[in-house]
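Topology and contacts: notes
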6 protein chains.
Amino acid sequence: MTKPFQKILITGAAGRLGSQLRRGLAPLADSLRLADREPITDLQPHEEAAVFDLGDEAATIAATEGCDAIVHMGGAPTERPWQEVLDSNIRGSYHIYEGARKHGVRRVIYASSVHAIGYHQLDTHIDTDSPLRPDTLYGVSKCFVESLGSLYWDKFGIESAMIRIFSSFPEPADRRMLWSWLSFDDCVRLVSAALTAPHLGYTVSFGMSDNRVKPVDNSKAGHLGYIPQDSAEPYRAAVEAKTDIADPMARSTQCMGGWYVDMGHPDDEVGK
Amino acid sequence: MTKPFQKILITGAAGRLGSQLRRGLAPLADSLRLADREPITDLQPHEEAAVFDLGDEAATIAATEGCDAIVHMGGAPTERPWQEVLDSNIRGSYHIYEGARKHGVRRVIYASSVHAIGYHQLDTHIDTDSPLRPDTLYGVSKCFVESLGSLYWDKFGIESAMIRIFSSFPEPADRRMLWSWLSFDDCVRLVSAALTAPHLGYTVSFGMSDNRVKPVDNSKAGHLGYIPQDSAEPYRAAVEAKTDIADPMARSTQCMGGWYVDMGHPDDEVGK
Amino acid sequence: MTKPFQKILITGAAGRLGSQLRRGLAPLADSLRLADREPITDLQPHEEAAVFDLGDEAATIAATEGCDAIVHMGGAPTERPWQEVLDSNIRGSYHIYEGARKHGVRRVIYASSVHAIGYHQLDTHIDTDSPLRPDTLYGVSKCFVESLGSLYWDKFGIESAMIRIFSSFPEPADRRMLWSWLSFDDCVRLVSAALTAPHLGYTVSFGMSDNRVKPVDNSKAGHLGYIPQDSAEPYRAAVEAKTDIADPMARSTQCMGGWYVDMGHPDDEVGK
Amino acid sequence: MTKPFQKILITGAAGRLGSQLRRGLAPLADSLRLADREPITDLQPHEEAAVFDLGDEAATIAATEGCDAIVHMGGAPTERPWQEVLDSNIRGSYHIYEGARKHGVRRVIYASSVHAIGYHQLDTHIDTDSPLRPDTLYGVSKCFVESLGSLYWDKFGIESAMIRIFSSFPEPADRRMLWSWLSFDDCVRLVSAALTAPHLGYTVSFGMSDNRVKPVDNSKAGHLGYIPQDSAEPYRAAVEAKTDIADPMARSTQCMGGWYVDMGHPDDEVGK
Amino acid sequence: MTKPFQKILITGAAGRLGSQLRRGLAPLADSLRLADREPITDLQPHEEAAVFDLGDEAATIAATEGCDAIVHMGGAPTERPWQEVLDSNIRGSYHIYEGARKHGVRRVIYASSVHAIGYHQLDTHIDTDSPLRPDTLYGVSKCFVESLGSLYWDKFGIESAMIRIFSSFPEPADRRMLWSWLSFDDCVRLVSAALTAPHLGYTVSFGMSDNRVKPVDNSKAGHLGYIPQDSAEPYRAAVEAKTDIADPMARSTQCMGGWYVDMGHPDDEVGK
Amino acid sequence: MTKPFQKILITGAAGRLGSQLRRGLAPLADSLRLADREPITDLQPHEEAAVFDLGDEAATIAATEGCDAIVHMGGAPTERPWQEVLDSNIRGSYHIYEGARKHGVRRVIYASSVHAIGYHQLDTHIDTDSPLRPDTLYGVSKCFVESLGSLYWDKFGIESAMIRIFSSFPEPADRRMLWSWLSFDDCVRLVSAALTAPHLGYTVSFGMSDNRVKPVDNSKAGHLGYIPQDSAEPYRAAVEAKTDIADPMARSTQCMGGWYVDMGHPDDEVGK
């Protein structure tokens, strides 16, 4: 059977999620182009590497050539000083979309983040159409890319999925992750679903596993066909044994973004 | 135990779904009256046949006598020239409701269709209260019968369920059916649920199996008690192997109604 | 200045509202074609007459030729026996839309009715996206034409406004009209607004004047630019003096449709 | 591992649900204080008893001392004469909240009831933000406590969950319970989830098992982490065999509150 | 012309709003019964007095006899100790509704309050279906009466309007009243509209004049026919000249309830 | 009377709207600091000038010192090449917010734009919570600043109003402006309202005059107290006389953003 894609570009391919996707997306494409600032040395036959910085416009655009889809996981993965957020996430993602436009890429799957809506409270039960409410400059950069993807769909016909990843780690590491966890396998399932959905257009989806606590409503992304298979529940006892109960009155407990909502401005913090 | 109904009239009983319901609804009634334009020859002891055309007002009304429920699956099952849509679906269904009114039938379950809302896009995630948006004259006739059922509930106290069937076939035949499929068993479950729901009034429900891609929100029909048990997923590999990927930019891919949205006017088309 | 239209077809032109529109729409078109079953004898220079029955498909389609807009006010104006509703309103309106399709008419303004949503209660404050809830066969026929207009927009690109007229009379005649009244001048304003709105697509609008009691939300039709200028309030004292207070517990007081909700089936009633 | 609570006060501890919670909540606290008007004689080592009437302000407030959570199941469990509703449910619950305020209790879980929203119909599919619509004075008292809990959260920072219990019995006893049933185990799951949810604030939740008929939308309580595990379905055949089909036109069939909606005023009824 | 009512009972008739309504409602009834704890000595020919305390069940019920409408403005008009709130507002209003039930009164207009929803913020723009969120025990008592009125409509067919009065004073006295003000004349207009609305059922309405700042959405009460005629704007310059700008970060500035949200528990405060 | 502000910084003060605000905001502050890239030479006694480029971080931050409010109208006022959008609008606005944070400015009023939501259609009647849908890179930069303002409110307590200006010109210049026009006086009214609203927090408002065609719902900004006083209607005849009717089927007619939706990528266009 023909694979749905010929070549998928994965940015941030050496990172935590990038390496999972490298494994998980292999069935969907004849080959994968693995982009990262760091060289990747264990290339498989169906893989090729591309080493560049997202802030480098020409290199980034060049890396998109010949791809029919982009899974854009690269850029600063957490709060960083403004200049770095600007270069890696804002300018870098613009370069990715320009590459998609110039080289006819049809779909972009973007690693957006819970931090684009981090100041919403758990009990308001937002859905994917609720207003943005970023909790950091990092979160603002995620909002920027979501707007950019919306434009490139409406104006240039490039389909995009904005995956707002909550907490994707090998296993839940603290009590917040008991509801915010996205297992690696579910992350692969979600990105795969977005790549192969019959109709994507411009779609926002929350990226969580099937955890017991459900603070958001993902139903408007139901056309992606993402059905999480994992849950944080098996890890509950271990997590609760090693961590204190969070203060229920703390803003970081009440808000989606967790401790990001308590962060100060990144340029004020030394040695962070 | 007493069965919930004494006699259920099934129209279109010789058709694809009618024959499934003939089998599936047997446990709910002492007898079934099987109506169709075509004679049914293999009648079981608990069954009786009624042969007539829905456009025949007197015959249709007569066929409802002595029934306490009607499962109305008859009429043109797809786009047809206006005169046929008018006679079979519009006039014919009016005759059914008149029969229900004149003979004291309490519940009508109607085979409405996705084509009553076919121009809505998958990513708008409509629910059962969203505005109608038919994709064909056939779809307009389904809208008409929904309005008619609403009237007969509000004015005459006849309860109705409008089942908007998506694609009910033995198995998914194309990529669209990977999300639109309603298995025969789920179809029987849904009609049975509507017949036996504690409170029906006037209720609209989407008729789909528990497929992975979920483009609509059926929760407002939750009081019917329909829980689909089947999924198109086991058929995915086979379907994808034999069919091309649909063009994600085509209106027929983006809209609920599939290729019906691309149909021209039925009176213009020769030999279609 | 060029007028926005060359020729507008007005159906039901000899009727109560038709004659108002004949006067009121003159500034919008070079000429008006006035259609009715009854001959119109006092034609003005910019007017021409077309005498036919809407049930006559060929005549109706022919009457649309050369027009760039249709204001469709014709058909049975109240509850009638089924056969008449079917011929005048269902089949007749289908003929109008077929005429529009075959002769390239760009906009259709249709006299829909409160009776398409007559069983909704005043205190539920519906908007123009709320589900249909007809109160008569007449109301069902209005629902049918709304669905038809939706189809002809989505499939054939013919823009439509569905004006749900509440009570358009010279002045409020009973207590219900103190909230449901649409003055003749406001009726002209609303049809004119729909004809000249920059973007129409498929739009539903409630047709009421700026009365004090406001039981519906018309804001989703705000892009039509209809601003009512009249109110039933100056007539209140006179109306209240001559009519009894309605029973607040009666369904006909609580529902939009007024006494239509208490009507029986038209084919059961003799001499009504 | 440290238990989440030191001491939980359970009111109504000798009652039907109280005795279930006594068993079910033991893992969550070092000790349970069991309050009831009736003495409890089979105390376990981790339990202590408190015998008093909720109408006794001083005794009720005293009973809350030293507790870090309250599960308030006490008070009149059904419609009662006004004076009893006033004393047991309105005044009694005020005393509980005053105890919580004066003694620094952090969370209150309250046994609200379907009868706070009993006049809503099954087919309107309400959610936890829908307006109150009590069906009895008993239901009004539940509404009162919900408002009180809202105040004590906003003003005094005491978190509350309002559990609107539908029908919590050993097994479904009639056809209504086929959709309204809350198994004892699911009741324990729901109260436990509310006690341990990371963020509670002021939250309303419907208390039902995972029954097939789903007339309400509980998704806005998803942050509690309540996942029902039981269903009335295994009991369906037995229930249907021994009970008649409910009249689908009866208000008691159509409304959430069941036969409570048909009750008269409690002070009019003798010997009820 | 016949007046719409024969006798209206006004409670709290000696109070600030009661005396306005005494004047303003005279045109609507043949006579007014003026109830208050304080004797009213300047009775007009169309007026009669009734002196009693709302906590006196027999006297309150007796006072409703012979009335066809009640305008219930009596009870504690602000935060008071619990016992007083309980007696005057909770028990007292129950007595009023019992009177209405026992003596066949058709409509009750109740002076509810902004303090029933006082913790909602101005920028959330609530409507009349939004959840209750009281800011004081006084506010909780208003919530109680709203629930009671809902019950008496659904169960006993007594229509009620719950008027959530914001700030009804001779003129705006502080900066908050620049948006929360309800002029005396508009108060009379609103109560009159509720008394004479064609369909009332159970309706909640916000009571504000047509002030420039509009923090709530009153459209779901549009069927009352209340059109405010006054505005706080003419008083702005004077108010701003004599009062400081409120701290925009203070909860009392951000919330509907104003300084009520900062009040402590009334039983804790001495000499308030 | 004390003015509400001591010093307001107006950026883009030499521009079309800046000069209007310079005049209109004078009554609200003791002095105005007028910032622009171009020198302003006709300074009044209550004015001071600040000449710098928004891309200059240090200069921009310095210019905010001593101000208690900022009216940020500066930056590229239309679609420009990416580098200019990035420097003037994205980086420049970040500098403004950093200045506000570092110098304790309490309120920022930002000139956002219809082009942040330009691809929404007129007939979808969005409100201020609807998802962003920018129509240009310029629009994306407006979205970015809205997200930034949201962050600075939630994290740093700086209040912001995002004014989505539609078309603010001396008078309506084309048919689109007949609905999108914001008169200069209404622009001043809106900015003044936002500056003096009792509670601002983070608020989005559409900036339009009281035109007849109303394609958006601004009610969620009602707490600003903006009441437009002007309308495009008096200009209608003149505009219609000199401009053609727009093609109702063109995307630029159907969408909020007008001809911006048809623009290509700014870096592709030469000499635009």
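Since this is a predicted model, take the numbers as computed values, not measurements.

Conventions we followed
- Along each chain, numbering runs from 1 in the same order as the chain's sequence is written.
- Numbering of ligands from 1 and lettering of chains from A proceed in the order in which they are written.
- Local features are withheld for residues below a pLDDT of 70 in this predicted model, meaning they are given only at 70 or higher, and side-chain atom pairs are given and counted only at 80 or more; totals for whole chains, interfaces and linings count all residues.
- Only heavy atoms go into the side-chain values, all of them from the structure, while hydrogens and water stay out.
- In this description, contact between two residues means that some pair of their heavy atoms is separated by no more than 4.5 Å.
- The buried area of a pairing is the accessible area, by a 1.4 Å probe, that goes missing from both parts when the two are put together, added over both.
- When a carboxyl oxygen of Asp or Glu lies within 4 Å of a side-chain nitrogen of Lys or Arg, that pair is called a salt bridge.
- Counted as a polar contact is a pair of N or O atoms within 3.5 Å, where, for protein atoms, one must be capable of donating a hydrogen and the other of accepting one, and residues adjacent in sequence contribute only when both atoms are in side chains.
- Here a strand is any run of E in DSSP of at least two residues, a helix any run of H or I of at least four, and the numbering for each starts at the N terminus.
- Being paired, for any two strands, means DSSP has found at least two bridges between them.
- Whenever a helix is involved, its axis is fitted only over the stretch in contact; in every case the axis is a line through C-alpha atoms, and angles between N-to-C directions fall within 0 to 180 degrees.
- The copies are overlaid by a least-squares fit using only the C-alpha atoms of residues whose pLDDT is at least 70 in both copies.
- Roughly parallel covers angles under 35 degrees, roughly antiparallel covers those over 145, roughly perpendicular covers 65 to 115, and oblique covers all other angles.
- A crossing counts as left-handed when the near helix is turned anticlockwise from the far one by less than a right angle, and as right-handed when that turn is clockwise.
- Any residue that is not Ala, Val, Leu, Ile, Met, Phe, Trp, Tyr, Cys, Pro, Asp, Glu, Lys or Arg is counted as polar, Gly included; the first ten are nonpolar and the last four charged.
- In summary, the pairing rule links any two rings of Phe, Tyr or Trp, Trp by its six-membered ring, whose centres are within 6.5 Å, and it sorts them by plane angle into stacked for under 30 degrees, edge-to-face for over 60 and tilted for everything else.
- Three labels apply to residues, based on accessible area from a 1.4 Å probe with only protein chains included: buried if under 20% of the type maximum, exposed if over 50%, partly exposed otherwise in between.
- Working rule: Lys NZ or Arg CZ, within 6 Å of ring centre, within 35 degrees of ring normal, means a charge sits over the ring.
- UniProt positions are given in the numbering used here, feature names are shortened, and annotations may be inferred rather than shown by experiment.
- Here is how to tell: hold the view so the strands point away, follow the path from the first strand over the helix to the second, and if it runs clockwise the crossover is right-handed.

1. Some details on the interface of chain E and chain C
Accessible area lost on assembly of the parts is the figure often given for the size of an interface. If you look at the interface, chain E gives 18 residues, while chain C gives 18 residues. Here chain E and chain C share an interface that buries about 1500 Å² over both sides, 64% of which is from carbon and sulfur atoms. The interface formed by chain E and chain C contains 1 salt bridge. Notably, a salt bridge pairs E:Arg106 with C:Asp247, separated by 4.0 Å at the nearest N-O pair. The interface formed by chain E and chain C contains 5 residue pairs in polar contact (both at pLDDT 80 or more).

2. Focus on the arrangement of the chains
A gap remains between chain A and chain C, with no contact made and the closest C-alpha atoms lying 19 Å from each other. A gap remains between chain B and chain F, with no contact made and the closest C-alpha atoms lying 12 Å from each other.

3. Some points on the pattern of salt bridges
All names here are of chain A. For the structure shown, the criterion picks out 141 salt bridges over all chains. Two residues, Glu 159 and Arg 107, come together in a salt bridge whose shortest N-O distance is 2.8 Å. Taken as a pair, Glu 159 in strand 6 (residues 159-165) and Arg 107 in strand 5 (residues 107-113) lie far apart in primary sequence, 52 residues in all.

4. Things to note about the sheet that holds strand 2 (residues 29-36) of chain D
All names here are of chain D. What the 7 strands build is an open sheet, ordered 3-2-1-4-5-6-7; its pairing is parallel. At either end of the open sheet lies a strand with only one pairing partner, and these are strand 3 (47-51) and strand 7 (202-207). With strand direction ignored, the average angle separating the axes of adjacent strands in the sheet is 20°. With 4 bridges connecting them, strand 1 (residues 5-11) and strand 4 (residues 69-72) associate as parallel partners. For Ile 8, the partnering residue across the bridge sits in strand 4 and is Ala 69.

5. Here we look at the relation of the copies chain E and chain C
Take chain E, turn it by 120°, move it 0.0 Å along the axis, and it overlays chain C with an RMSD of 0.0 Å. What the superposition gives is, in effect, a three-fold axis relating one chain to the other. In terms of C-alpha distance to the rotation axis, chain E has E:Ser219 as its closest residue, with the C-alpha 6.3 Å off the axis.

6. Side note on the packing of helix 3 (residues 82-102) of chain F against helix 4 (residues 137-156) of chain F
Residues and elements named next belong to chain F. Look at helix 3 against helix 4: their axes get within 10 Å of each other, and the N-to-C directions meet at 15°. In terms of orientation, helix 3 lies roughly parallel with respect to helix 4. The way helix 3 lies across helix 4 gives a crossing that is right-handed. The residues of helix 4 that touch helix 3, namely those facing Trp 82, Val 85, Asn 89, Ile 90, Ser 93, Tyr 94, Tyr 97, Glu 98 and Arg 101, are Leu 137, Tyr 138, Ser 141, Phe 144, Val 145, Leu 148, Gly 149, Tyr 152 and Phe 156. The residue makeup of the contact of helix 3 with helix 4, split by class, is 12 nonpolar, 4 polar and 2 charged.

7. Some remarks on the interface of chain A and chain F
Between chain A and chain F, the residue contacts involve 36 residues of the former and 36 residues of the latter. Of the roughly 2900 Å² buried where chain A meets chain F, counting both sides, 60% is carbon and sulfur surface. In terms of surface lost to chain F, no three residues of chain A exceed A:Trp82, A:Asp154 and A:Lys155, which account for 21% of the buried area on that side. Across the chain A-chain F interface, the total number found is 6 salt bridges. In this structure, F:Arg133 engages A:Asp154 in a salt bridge whose closest nitrogen and oxygen atoms are separated by 2.9 Å. Between chain A and chain F we count 22 residue pairs in polar contact (both at pLDDT 80 or more) in total.

8. Description of the packing of aromatic side chains
What the rule picks out here adds up to 57 aromatic pairs over all chains. Ring centres of B:Trp82 and C:Tyr94 lie 3.9 Å apart, and the angle between their planes is 15°; this geometry places the pair in the stacked category. Here C:Tyr94 lies in helix 3 (residues 82-102) and B:Trp82 lies in helix 3 (residues 82-102), a pairing that spans two chains. For C:Tyr94, a relative accessible area of 0% translates into the label buried. In this arrangement the basic side chain of A:Arg16 is found over the ring face of A:Phe169, its NZ or CZ atom lying 3.9 Å from the centre. Lying across the ring of A:Phe156, A:Arg101 places its NZ or CZ 5.2 Å from the centre.

9. A few points about the UniProt feature "domain: NAD-dependent epimerase/dehydratase" (unreviewed entry) in chain A
Mapped onto the present numbering, the UniProt feature "domain: NAD-dependent epimerase/dehydratase" (unreviewed entry) falls at residues 8-168 of chain A. Overall, residues 8-168 of chain A shows 35% helix and 22% strand. The separation of its end C-alpha atoms is 21 Å.

10. Structural notes on the pairing of strand 6 (residues 159-165) of chain E
Residue and element names in this part refer to chain E. In terms of burial, strand 6 is largely enclosed, as 7 of its 7 residues are buried. Here strand 6 shows no split at all, with Glu 159, Ala 161, Ile 163 and Ile 165 on one side and Ser 160, Met 162 and Arg 164 on the other all buried. At this point the chain moves from strand 5 (residues 107-113), through helix 4 (residues 137-156), to the parallel strand 6, and the crossover so formed is right-handed. Pairing of strand 6 with strand 7 (residues 202-207), which is carried by 6 bridges, proceeds in the parallel orientation. Paired with Arg 164 across the bridge in strand 7 is Phe 206.

11. Quick look at the pairing of strand 6 (residues 159-165) of chain F
Taken together, the 7 bridges between strand 5 (residues 107-113) of chain F and strand 6 of chain F define a ladder with parallel strand orientation. Pairing of F:Ser113 across the sheet is with F:Ile165, part of strand 6 of chain F.

12. Observations concerning the environment of B:Ile10
All names here are of chain B. Examined against the element boundaries, Ile 10 turns out to sit in strand 1 (residues 5-11). With 25 residues separating them in the primary sequence, Ile 10 and Ala 35 have C-alpha atoms 5.9 Å apart. Apart from residues lying up to four places away in sequence, Ile 10 is in contact with Leu 21, Arg 22, Leu 25, Leu 32, Arg 33, Leu 34, Ala 35 and Val 71.

13. Describing the relation of the copies chain A and chain F
In screw terms, the move from chain A to chain F is a rotation of 180° and a rise of 0.0 Å along the axis, fitting with an RMSD of 0.0 Å. Such a turn and shift between the copies fits a two-fold axis. By C-alpha distance to the rotation axis, the residue of chain A lying nearest is A:Phe144, at 2.7 Å. When you check the interface residues of chain A against chain F, 100% turn up at the interface there too, and the contact is symmetric in its surfaces.

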